[in-house]
Amino acid sequence: MKIYVLFLMTVIGLLSLDSHAQRGVRIGYIDTEYILEHIPEYQEATVQLNDKVERWKADIDLKLKDVAQKRKDLSNEKVLLTSELYEERKEDIDFEEKEILDHQQKRFGPNGDLMLQKKQLIQPIQDQIFSAVQDIAAGKQYDFIFDKSADLVMLYSAERYDISELVLRTINRTSKRQQAQTKAERRAAADEDLVPEYNPELEAREKAQADKILEREALEAQRRQEILDERAANKQAALDRRQKILDDREAAKQEKLEARNKGIENSENIDTLAPSEEKVENSNATAPTEYDLDTNSKSDDTPKTKEELDEERKQQKIRDREAREQELEERKQRILEEREKARQEREALENSSSNTDNN
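Rules behind the numbers
- Residues numbered from 1 in each chain as written.
- Predicted model: local features only at pLDDT ≥ 70, side-chain atom pairs only at ≥ 80, totals over all residues.
- Heavy atoms only, no water.
- Helix = DSSP H or I, 4+ residues; strand = E, 2+ residues; numbered from the N terminus.
- Buried < 20%, exposed > 50% of the residue type's maximum accessible area, 1.4 Å probe, protein only.
- Areas by Shrake-Rupley, 256 points an atom, 1.4 Å probe, with all protein chains shown as cover.
- Expected span 1.5 Å × (residues − 1).
- Bend = angle between axes of the 7 residues up to and from the residue.
- pLDDT = per-residue confidence, 0-100.
- Contact = heavy atoms within 4.5 Å.
- Salt bridge = Lys/Arg side-chain N within 4 Å of Asp/Glu carboxyl O.
- Phe/Tyr/Trp six-rings, centres within 6.5 Å; stacked < 30°, edge-to-face > 60°.
- Core = buried A, V, L, I, M, F, W, Y, C linked by side-chain atoms within 4.5 Å.
- Axes fitted to C-alpha atoms, helices over the stretch in contact; angles between N-to-C directions.
- Parallel < 35°, antiparallel > 145°, perpendicular 65-115°, else oblique.
- Nonpolar A, V, L, I, M, F, W, Y, C, P; charged D, E, K, R; others polar.

For the rest of this paragraph, the subject is the overall build of the protein. Across its full length, the protein holds 10 helices and 2 strands. Starting at the N terminus and ending at the C terminus, the protein contains elements arranged as α-β-α-α-α-α-β-α-α-α-α-α. The buried share of the protein, reckoned over its 359 residues, is 18%. Per element, the accessible surface of the protein, about 27,700 Å² overall, is 51% carbon and sulfur.

The end-to-end C-alpha distance of helix α5 (residues 113–140), which contains 28 residues, comes to 40 Å, matching closely the 40 Å that a straight helix rising 1.5 Å per residue would cover. By the largest-angle criterion, I122 marks the main kink of α5, which is about 30°, and a proline, P124, follows within four residues. Every buried residue of α5 is listed here: D113, L114, L121, I122, I125, I129, A132, V133, I136 and G139. Just downstream of α5, Q141 is the residue with a positive phi angle, here 60°.

This next bit is on the confidence of the model for the protein. For the protein, per-residue confidence averages 78 on the pLDDT scale, and 73% of positions sit at 70 or higher. Per-element mean pLDDT across the protein ranges from 45 in helix α9 (residues 290–299) up to 92 in helix α4 (residues 83–108). A low-confidence stretch, residues 17–21 stays under pLDDT 50, and its non-local contacts, those more than four residues away or across chains, total 2 contacts. Note that residues 273–300 has pLDDT below 50 and, in this model, 17 contacts with residues that lie over four places away or in other chains.

Further remarks concern the pattern of salt bridges. Pairs can form between side chains of opposite charge once their charged atoms are near each other. Inspection of the entire model under this criterion finds 14 salt bridges. Where D66 meets K70, a salt bridge forms, and the shortest distance between an N and an O atom there is 3.8 Å. Of this pair, D66 and K70 both sit in helix α3 (residues 40–76), 4 residues apart, which is roughly one turn of the helix. Look at K70 and you get partly exposed, because its relative accessible area is 32%. Among the salt bridges present, the one from E96 reaches K70, with a minimum N-O distance of 3.0 Å. Of this pair, E96 sits in helix α4 while K70 sits in helix α3; the two residues are 26 residues apart in sequence, bridging distant segments of the chain. On the basis of relative accessibility, which here comes to 23%, the residue E96 falls in the partly exposed class. One network of salt bridges, with partners in common, ties together R71, K90, D94 and E97.

Our focus in this paragraph is the packing of aromatic side chains. Counted according to the given criterion, the structure contains 2 aromatic pairs. With a centroid separation of 6.2 Å and an interplanar angle of 75°, the aromatic rings of W56 and F108 are classed as edge-to-face. Of this pair, W56 sits in helix α3 while F108 sits in helix α4, and the two are 52 residues apart along the sequence. Its relative accessible area of 11% is what places W56 among the buried residues.

The next subject is the nonpolar core. Nonpolar side chains tend to gather and get buried jointly when the protein is soluble and globular. Counting residues in hydrophobic clusters, the biggest one holds 22 residues, and the most contacted among them are I35, I129 and V167. At the level of secondary structure, the elements contributing two or more residues to this core comprise α2 (32–37), α3, α5 and α6 (164–179). Ignoring sequence-local partners within four residues, the contact set of I35 consists of I30, I129, S164, V167, L168 and I171. Within the second largest apolar cluster, 7 residues are counted, among which are I60, L74, L81 and I100.

Attention shifts here to the packing of α3 against α5. Close contact between α3 and α5 brings their axes to 11 Å; oriented N to C, the two are set at 175°. When the axes of α3 and α5 are compared, the pair comes out roughly antiparallel. Here Y42, A45, T46, L49, K52, V53 and W56 of α3 lie close against α5, whose contacting residues are D113, L114, Q117, K118, L121, I122 and I125. Here the contact of α3 with α5 is composed, by residue class, of 9 nonpolar, 2 polar and 3 charged.

Shown next as structure tokens:
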């Protein structure tokens, strides 16, 4: 059936191409289910029918439960009854159950009361919908109007071709006109334009305006995207510059540390070699020469014995040794202080560098 409908639509469309080549084919569709959901009279009648159906179901269920209880009682009394009496009562229960099932089929069957009342309920609304569609198609010059909720398969339908709201307004206005009691209400209903006349020029202007709006929205979306892309590029460039600055700072810090460590090593080597040289100088400076001894010996009025001279030399050597030891201790202490000072400076530099990186 669906294939036949699609084939028929295709043939009609091809035949109508020549006759409508000048203005184009106008197509619309409706959603009958949507229209029915928004008609108050149909909704009220549906509620009443549902209430009636619930009463029918409750009555049938109660009768079926009664039959089931009778079968249970008969099964319990089977041992007390004769076979003829048991069969007779069983036939009565079967006949009663058959009548209930026939009544259920009469109510809910394909041709039952429920289906007939649904048809009676929906038929007037369908007639109104058909009449409204005919008026709209004639007034707005539609070539095809389909029903979305019918057997026709609509894989896609643009919302601008949906005229369900227009059909619904037409039905409501017709209902108001029919229910008008006073003269003023009838005059107001008559003045309402049920179906607007088709104006090709107006529709073309509206379509051009809609196209301009869509084009403007597309341009705005494109500009917004370009702005977002530019912001993202600027942000990435700022991050790259910041990373480069941090890398340069880290490289400079490493160079300073290497230079300072190299300088400390050189100073330690110099300090290690310096005491031995100073020892030689001090020994040369403090050791008495033969000329000094001779001078001292010559300056004294009384000549000194050999024992006194030996004793003086011995004392002088002791004094020189103590002086050298004291000088070495002072030099050692000075080297330790310089090393401690260099270590403190290195730690301070590392702390300042870490604080800079954290900032």
